[in-house]
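Listed below, chain by chain, are the residues.
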Amino acid sequence: MIWKYLERTGNQAVQFIVQIILARLLSPSDFGVIALLLVFINFAQVFVQSGFNTALIQAKVADELDFSSVFYLSLGVASVLYVAFYFCAPMIAVFFKMPRLIVTLRVISIILFFGAVNSIQNAVVAREFKFKQLFYSSLGSMAISGTIGGFMAYSGYGVWALVWQQILNQFFLCAIMWVTVKWRPKRLFSFGRVVHLFSFGWKLLVSALLDTGYREAQSLVIGKMFYASDLGFFSRGRMFPQVVIGNIDGSIQTIMLPALSQMQDDPLKIKDMMRKAISMSAFIILPLMAGMIATAEPLVRIVLTDKWLPCVPFMQICCISFIFYPIHTSNLTAINAVGRSDIFLKLEIIKKVIGITVLAVAIIFFRSLIAIAWSAVLSGIASTFINAYPNKKLIGYTYLEQLRDVMPSFLLSIIMGVCVYIVGCIANVSIYILLLLQIICGILTYTTLAILAKIGSMDYLTKLLISSFVKNKYRV
């Protein structure tokens, strides 16, 4: 978990720095264009992986024939999708009234081939818990691509700096992992193995299509109804909270799937590990989201400059939406780990019907960006209860138990957020000192309250860090 967390943290930290530099050099319109391009790329990546990535991780036994078969199939799907994007690019550009989408979409679609290779590499890493190799690969690829992207932005290449930064990041990630992971495809292919894995993976494929389609629907609607700069503000508003979610919750859940899959026949052990994951995620994520809501304006002004101030409300609303992620992801990961992708699919269908309905209401009756952003919060609240329902029977983890595991961190985060906000209202200092005071206030307030309340996650995290420090010192 530590190596995976370091990988996500290091990768996100470098990416965050790169995005800050690019945001200072480029316009909101450029980011709006790349956000729209990534809608199509993210949707296509779901087809490229086809649910096989998770199926390979979840399977009790997976050999070279399985990995090689999925590898060649994924490359074939990537080829078909690239051709489709190449010829459909002019129609997409006409629909969104953005002529520059033609060439940029044709070029950025190269990512699909790297995604096909990397999905298998990630499955190998997850099955063998080789997250140390992933750490070096991710950090190296982001550093190299970020440097090149920053140089291109400084040299006046505009949106092309963002396009090539995305492409080169995936290219170098595959190249470095090709050296560090040591997996190579064999000249093997079995249609029968593909069908066997697809019996589990197709449900995940449909679920991922629903999830990606719904998640990216906001960007599609904004890109069609509003200006590219509006989409740029909306996407930048999500950047800060997404970094946190990607680092912490993403790291924990990535470890959870292979770990839970190995004990899928023991519901009690799964429940115990899941409770720790939810408690730990909530203990770390909730105060960060609350603090980010309270410090949104000074944070944006310092990091992105005043030209990005319109993204502040989107950032705050997105933080509220991400509050529910620890419960979402932990419950869904447990369902996948026990091999119930059929339940996973049913949940996704129900959630997306609710989410699309809420989004449609926001579009039809309000026709505003703020209403579209709030629709994600409302659907997120409903999804929390939907995701938790099956695990009452699968592993005996009830609503009340999940609420008890999350509520202490939730209450302390609210108190901390209020204190940080008050500091922002009464402190009459420069914007830099204000943000520093708010951060110090948030850390001291939350840590003190956690110690006084004797929060289990605080004790567990402290012991984990001390244990890791002692072991590393002993090794040296």
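Residues numbered from 1 in each chain as written. Predicted model: local features only at pLDDT ≥ 70, side-chain atom pairs only at ≥ 80, totals over all residues. Heavy atoms only, no water.

Draft legend 1. Spotlight on the overall build of the protein chain. On a plain count of helices and strands, the protein chain comes out with 21 helices and zero strands. In the protein chain, which comprises 476 residues, the share counted as buried stands at 54%. With the model as given, the accessible surface of the protein chain reaches about 21,500 Å², and the carbon-plus-sulfur share is 70%. (Helix = DSSP H or I, 4+ residues; strand = E, 2+ residues; numbered from the N terminus. Buried < 20%, exposed > 50% of the residue type's maximum accessible area, 1.4 Å probe, protein only. Areas by Shrake-Rupley, 256 points an atom, 1.4 Å probe, with all protein chains shown as cover.)

Draft legend 2. Broad picture of the packing of helix 19 (residues 399-426) against helix 20 (residues 431-452). Orientation of helix 19 relative to helix 20, taken along the N-to-C sense of each, is 150°, at an axis distance of 9 Å. One element, helix 19, and the other, helix 20, form an angle in the roughly antiparallel class. When you trace helix 19 past helix 20, the crossing you get is right-handed. Of the residues in helix 20, those touching helix 19 at Ser-409, Leu-412, Ser-413, Ile-415, Met-416, Cys-419, Val-420, Val-423 and Gly-424 are Leu-434, Leu-437, Gln-438, Cys-441, Gly-442, Thr-445, Tyr-446, Leu-449 and Ala-450. Each residue belonging to the contact of helix 19 with helix 20 can be placed in one class, and the counts come to twelve nonpolar, six polar and no charged. (Axes fitted to C-alpha atoms, helices over the stretch in contact; angles between N-to-C directions. Parallel < 35°, antiparallel > 145°, perpendicular 65-115°, else oblique. Left-handed = near helix turned anticlockwise from the far one by under 90°. Contact = heavy atoms within 4.5 Å. Nonpolar A, V, L, I, M, F, W, Y, C, P; charged D, E, K, R; others polar.)

Draft legend 3. Main features of the pattern of salt bridges. Inspection of every chain in the model, using the stated rule, returns nine salt bridges. In this structure, Glu-401 and Lys-271 form a salt bridge, with 3.0 Å as the shortest nitrogen-oxygen distance. One end of the pair, Glu-401, is in helix 19; the other, Lys-271, is in helix 12 (residues 267-294), and 130 residues separate them in sequence. Its salt-bridge partner being Arg-301, residue Asp-306 comes within 3.3 Å of it at the nearest N-O pair. Here Arg-301 falls in the partly exposed class, since its relative accessible area comes to 33%. Through salt bridges with shared partners, one network takes in Glu-348, Lys-351 and Lys-352. (Salt bridge = Lys/Arg side-chain N within 4 Å of Asp/Glu carboxyl O.)

In short, geometric facts, not functional conclusions.
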